[in-house]
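# Structural overview for review
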Amino acid sequence: MSEPKSSVRSRTAPKQALEAVMADKAGNPLRRALWLDALDRQLRPHLPPALGNRCRLANVDGEHLVFLVESPVWHAKVRLAEDQLLDAARSIGLKATRVTVKTATAPAPSPVRNDQRSTHAVTAATHKGLRDALACLADVKGTRS
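To keep things clear, this report deals only with the structure shown in the data block. The numbering scheme is per chain: residues are counted from 1 as the chain's sequence reads. The model is predicted, so local features are restricted to residues of pLDDT at least 70 and side-chain atom pairs to those at 80 or more, both for listing and for counting; the totals for chains, interfaces and linings are taken over all residues. Here the side-chain values reflect all heavy atoms present in the structure, with hydrogen atoms and water set aside.

### Topic: the sheet that holds strand 2 (residues 64-69)
Convention followed: What makes two strands pair is DSSP finding at least two bridges between them. For helices the rule is a DSSP run of H or I covering at least 4 residues; for strands it is a run of E covering at least 2, with both sets numbered from the N terminus onward. Axes, fitted as lines to C-alpha atoms, cover a helix only where it is in contact. Angles between the N-to-C directions of the axes lie from 0 to 180 degrees. Contacts are residue-level and defined by heavy atoms, with any inter-residue pair within 4.5 Å sufficient.
Here we have 3 strands laid out as an open sheet, ordered 1-2-3, and mixed in their pairing. Each of the sheet's edge strands pairs with one partner strand only, and the pair in question is strand 1 (55-61) and strand 3 (98-103). Along the sheet, successive strands turn relative to each other by an average axial angle of 25°, direction set aside. Where helix 2 (residues 28-43) meets the sheet, its contacts fall on strand 1 and strand 2, and the angle it forms with strand 1 comes to roughly 125°.

Below you can see the structure in the form of structure tokens.
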């Protein structure tokens, strides 16, 4: 009699796959993305408080930093804080001399992890209001038939 096969895979399988990809030249984009993310996390505490949650380091090309923002308003604010951004980048070891700001068509990903975001519970009053509204709609629909 054979033992049943487990649907649970070894926890080392994903780690081995990641190591295999990273060892190959094909892992270069992944290594770069991880490096940029680490730089963004290092840089964020040095940014002015209002900008820390509204811009993201998108690229580093030599001495050129590229930041991504979600709206033209934040684009202007980041441009005004260019000297502070360059100082912050230099403080973490980058040799930055120029900043470019790009406005994304979709919001930049939040640096806050999903499990850190607050969830808003629906109150009992909201439930009651929705039930009452649905009951009114049902009554109106019933009188039209």
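### Quick word on the environment of Gly-93
So the rule is basically this: Here the term buried applies to any residue with accessible area under 20% of the maximum for its type, exposed to any over 50%, and partly exposed to those in between, with areas from a 1.4 Å probe on protein chains only.
Within the fold, Gly-93 resides in the loop between helix 5 (82-91) and strand 3. Assessed through its relative accessible area of 57%, Gly-93 is described here as exposed. The spacing of Gly-93 and Leu-39 is 54 residues in sequence and 9.9 Å in space, taken between C-alpha atoms.

### Here's the deal with the environment of Ser-91
We apply this condition: Definition of a polar contact: a pair of N or O atoms within 3.5 Å, with one able to donate and the other able to accept a hydrogen when the atoms are protein atoms, and with sequence-neighbouring residues admitted only if both atoms are side-chain atoms.
With respect to the helices, strands and loops of the structure, Ser-91 is situated in helix 5. By relative accessible area, Ser-91 is classed as partly exposed at 47%. Along the sequence, Ser-91 and Leu-43 sit 48 residues apart, while their C-alpha atoms lie 8.6 Å from each other. Side-chain polar atoms of Ser-91 contact the backbone oxygen of Ala-88, separated by 2.6 Å.

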